[in-house]
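Inside the fold
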Amino acid sequence: MDALETILTRRSIRKYKKQPISPEQVQKLLQVACQAPSAGNQQPWQFVLLDDRKILNVIHTFHPSAKMLTDADRAILVCGDLNLEKFKGYWMIDCAAATENILLAAHSLGLGACWLGLYPREARVAGMKKLLHLPSNIIPFALVALGHPAEIKAREDRYNQSRIHHNKW
Ligand SMILES: Cc1cc2nc3c(=O)[nH]c(=O)nc-3n(C[C@H](O)[C@H](O)[C@H](O)COP(=O)(O)O)c2cc1C
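Once a new chain begins, its residue numbering starts again from 1 and follows that chain's sequence as written. Note on the predicted model: pLDDT of at least 70 is required for a residue's local features to be given, and 80 or more for side-chain atom pairs to be given and counted; whole-chain, interface and lining totals, by contrast, use all residues. The side-chain values count all of the structure's non-hydrogen atoms but skip hydrogen atoms and water molecules.

For helices the rule is a DSSP run of H or I covering at least 4 residues; for strands it is a run of E covering at least 2, with both sets numbered from the N terminus onward. Looking at where Asp94 falls in the secondary structure, it is placed in helix H4 (residues 91–108). Reaching out from Asp94, the side chain makes a polar contact with the backbone nitrogen of Ala39 at a distance of 2.9 Å. Note on definitions: a residue-residue contact is assigned when non-hydrogen atoms from the two residues lie within 4.5 Å. Those residues within four positions of Asp94 in sequence are excluded, and the remaining contacts are Pro37, Ser38, Ala39, Gln42, Pro44 and Trp45. Polar contacts here mean pairs of N or O atoms no more than 3.5 Å apart (in protein, one a potential hydrogen donor and the other a potential acceptor; neighbouring residues in sequence count only if both atoms are side-chain atoms).

See the structure below:
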């Protein structure tokens, strides 16, 4: 699948087969996450691999739309590290770029993935911090649920000409 096809056909996958993702695939997802653009190339991220069933099964108690994690093979937690931030206010934008890279690479590898928002929802951020004993400088930004897809979603064409402006509004 070429890059454009990957971008245009990626969908959120929330149903997964009971089939493990290979270590090579996990490594590839982490590699592309670290490859994301960031403000001034500050790379203010940290990633936590989650494959402990006890952890994956409890997250939905403080995250209202994370029930699919109980079926996911694993998840990657994308965090911002305030100690690595050189350009204030950009860490969450950089983390979003890293998260999108993971989603696109997962799709390109034939895996299913879904972005689960944490930041800026205070209860979700606090829940993840408490669950994983994260240090105060580490802000959980998003979870990416991962697994082999057990649902097929059609491409959606979202091109919207009314949102395109030319030289003036
Ligand atoms: C910032 C952000 C937060 C999201 N949070 C959740 C979430 O908590 N739970 C969920 O099931 N999907 C979540 N999603 C996935 C969106 O619902 C999904 O991307 C959107 O409906 C478009 O569908 P698609 O991903 O299949 O193209 C989130 C997506 C983004 C970008």
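This paragraph deals with the site of the ligand. In the region of the ligand, 13 residues are neighbours, and Arg11, Ser12, Arg14, Trp115 and Arg158 sit closest. Taking Arg11, its side chain carries an N or O atom lying 2.8 Å from an oxygen atom of the ligand. With respect to the ligand, the side chain of Arg158 contributes an N or O atom lying 2.8 Å from an oxygen atom. The protein chains hide 63% of the 620 Å² of surface that the ligand would expose on its own. Considering each element in turn, the shell around the ligand owes the most residues, four residues, to strand E3 (residues 112–117). In the shell around the ligand, the residues fall into four nonpolar, four polar and five charged. A cutoff of 4 Å decides nearness: a residue is near a molecule or strand if any of its heavy atoms lies inside that distance of it. We get accessible surface area from the Shrake-Rupley algorithm with a probe of 1.4 Å; when it comes to residues, only the shown protein chains can shield them. Each residue is assigned to one of three groups, with Ala, Val, Leu, Ile, Met, Phe, Trp, Tyr, Cys and Pro labelled nonpolar, Asp, Glu, Lys and Arg labelled charged, and all others, Gly among them, labelled polar.

Here the focus is a nonpolar patch on the surface. Together, Leu4, Ile7 and Leu8 make up a nonpolar patch on the protein surface, roughly 310 Å² of accessible area in all. Its place among the elements puts Leu8 in helix H1 (residues 3–9). The exposure class assigned to Leu8 is partly exposed, which follows from its relative accessible area of 43%. What goes into a patch is any residue over 30% in relative accessible area without a salt bridge, connected to like charges within 9 Å or, for nonpolar side chains (Val, Leu, Ile, Met, Phe, Trp, Tyr), within 5 Å. When a carboxyl oxygen of Asp or Glu lies within 4 Å of a side-chain nitrogen of Lys or Arg, that pair is called a salt bridge. Exposed residues in this analysis have more than 50% of their type's maximum accessible area, buried residues have under 20%, and partly exposed residues fall in between, with area computed by a 1.4 Å probe over protein chains only.

Right, let's get into unusual backbone geometry. Here the amide bond leading from Tyr119 into Pro120 is cis, since omega sits at 10°, within 30 degrees of zero. Among the structural elements, Pro120 can be located in the loop between E3 and helix H5 (122–132). Its identity as a non-glycine residue notwithstanding, Gln43 has a phi of 45°, on the positive side. Looking at the element boundaries, Gln43 is found in the loop between helix H2 (23–34) and strand E1 (45–50).

Attention now moves to the state of the cysteines. Disulfide: a covalent bond formed between the sulfur atoms of two cysteine residues. Only a pair of cysteine sulfur atoms within 2.5 Å qualifies as a disulfide here. Inspection of every chain in the model, using the stated rule, returns zero disulfides. Here Cys79 stays unpaired: no disulfide links it, and the sulfur of Cys95, its closest cysteine neighbor, is 7.6 Å away. Under the relative-accessibility criterion, Cys79 is labelled buried at 0%. Residue class for Cys95 comes out buried when judged on its relative accessible area of 0%.

Attention now goes to the packing of aromatic side chains. Pairs were defined over the aromatic rings of Phe, Tyr and Trp, the Trp ring being its six-membered one, requiring ring centres within 6.5 Å. Orientation was assigned from the angle between planes: stacked under 30 degrees, edge-to-face over 60, tilted for the rest. Going through the model one piece at a time under the given rule, you end up with four aromatic pairs. By way of ring pairs, the aromatic residues Trp91, Trp115, Tyr119 and Phe141 are connected into one cluster.

An α-helical turn contains 3.6 residues, so a residue and the one three or four places further along point in the same direction. Its twelve residues place the ends of H2 17 Å apart at the C-alpha level, agreeing with the 16 Å of an ideal helix rising 1.5 Å per residue. Looking at the packing, one finds that the buried side of H2 touches E1, strand E2 (74–81), H4 and strand E4 (138–147). Take the number of residues in a helix, subtract one, and multiply by 1.5 Å to get its expected span.

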